Amino acid sequence: MQNLNTKVNNFFSNIDALASLFFRFGIGIAFIIHGLGKFPLPPQGLIEYFNLSPVLASLVALSELVAGLILIIGGFIKNPFGNLLTRLAGLMIVIMMINIFAIAHPDWFITTKLFTSEQIFLLIGGVYFLIKGNRT
């Protein structure tokens, strides 16, 4: 059993960096798609449904788009600046997701709906990149 475990670990150690790259691209692309889905600015759906001002609704759309782009770009910059960009994107994502839960889905708090939604995984991704930065 130990021999099999060693072989499996050796195999995956060669492609370990791909896991965080896939995670980074998955979270980043999700935010880019969500942000672009709110264009053209100001997003009328956010203004009408949540009674947001045009400026705030536009800020939400731009924040989603920019956070996704920064998260992806930060992964390609292998120095302290890239690390800070990744953490900044993670912080932006965490702040957005907490606000999304508080404003758009307050009825989801600690329910099955929360843990079966895409949004919980986006929050977890934001927390992950906020904590880990480029040390993934």
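Note that the structure is a prediction, hence the values are computed from the model and not measured. (Residues numbered from 1 in each chain as written. Predicted model: local features only at pLDDT ≥ 70, side-chain atom pairs only at ≥ 80, totals over all residues. Heavy atoms only, no water.)

What to know about the environment of phenylalanine 50
Phase 1: Within the secondary structure, phenylalanine 50 sits in helix H3 (residues 44–50).
Phase 2: Separated by 25 residues in sequence, phenylalanine 50 and glycine 75 have C-alpha atoms that sit 34 Å apart.
Phase 3: If we skip the residues at most four places from it in the chain, phenylalanine 50 touches Gly45, Ile103 and Ala104. (Helix = DSSP H or I, 4+ residues; strand = E, 2+ residues; numbered from the N terminus. Contact = heavy atoms within 4.5 Å.)

Comments concerning the layout of surface pockets
Phase 1: The calculated volume of the largest pocket comes to roughly 590 Å³.
Phase 2: In this structure, the largest pocket is lined by 23 residues; those nearest its centre are Lys38, Val60, Glu64, Met96 and Ile100.
Phase 3: Where the lining of the largest pocket is concerned, the elements lending two or more residues are helix H2 (16–36), H3, helix H4 (54–76), helix H5 (80–103) and helix H7 (118–132).
Phase 4: Along the lines of polarity and charge, the residues of the lining of the largest pocket split into 16 nonpolar, five polar and two charged. (1 Å grid on protein atoms, 1.4 Å probe; cavity = no way out; pocket = protein on both sides within 12 Å on 5 of 7 lines; lining within 4 Å. Points joined across faces, edges and corners; volume = space filled by probe spheres on them. Nonpolar A, V, L, I, M, F, W, Y, C, P; charged D, E, K, R; others polar.)

Focus on the pattern of salt bridges
Phase 1: One pass over the full model with this rule turns up one salt bridge.
Phase 2: A salt bridge links lysine 38 to glutamate 64; the nearest nitrogen and oxygen atoms lie 2.9 Å apart. With a gap of 26 residues between them, lysine 38 in the loop between H2 and H3 and glutamate 64 in helix H4 connect regions that are remote in the sequence. For the pair lysine 38 and glutamate 64, one class covers both residues: buried. (Salt bridge = Lys/Arg side-chain N within 4 Å of Asp/Glu carboxyl O. Buried < 20%, exposed > 50% of the residue type's maximum accessible area, 1.4 Å probe, protein only.)

Concerning the confidence of the model for the protein chain
Phase 1: On average, the protein chain scores 91 in pLDDT, and the residues at 70 or more come to 99%.
Phase 2: The least confident element of the protein chain is helix H6 (residues 112–115), whose mean pLDDT is 83; the most confident is H4, at 96. (pLDDT = per-residue confidence, 0-100.)

Describing a nonpolar patch on the surface
Phase 1: A cluster of nonpolar side chains, Met1, Leu4, Val8, Phe11, Phe12, Ile15, Leu18, Leu21, Phe22 and Phe76, forms an exposed patch at the surface whose accessible area comes to about 1100 Å².
Phase 2: Looking at which element gives the most residues to the nonpolar patch, the answer is helix H1 (residues 2–13), with four residues.
Phase 3: Its location among the elements puts phenylalanine 76 in helix H4.
Phase 4: Given the relative accessible area of 56%, phenylalanine 76 is considered exposed. (Patch = residues over 30% accessible without salt bridge, like charges linked within 9 Å, V, L, I, M, F, W, Y side chains within 5 Å. Areas by Shrake-Rupley, 256 points an atom, 1.4 Å probe, with all protein chains shown as cover.)

So, the environment of methionine 96
Phase 1: Within the secondary structure layout, methionine 96 lies in helix H5.
Phase 2: Here the alpha-carbon distance between methionine 96 and leucine 123, two residues 27 residues apart in the chain, equals 8.6 Å.
Phase 3: In this view, methionine 96 contacts Phe31, Ser63, Glu64 and Ala67; residues no more than four positions away in its chain are not counted.

As for the nonpolar core
Phase 1: With 19 residues, the main nonpolar core has Ile27, Phe31, Ile93 and Met97 as its most contacted residues.
Phase 2: For this core, the secondary structure elements donating two or more residues are H2, H4, H5 and H7.
Phase 3: It is H5 that provides the largest number of residues to this core, a total of seven residues.
Phase 4: With sequence-adjacent residues up to four places away left out, methionine 97 is seen in contact with Phe31, Gln119, Leu122 and Leu123. (Core = buried A, V, L, I, M, F, W, Y, C linked by side-chain atoms within 4.5 Å.)

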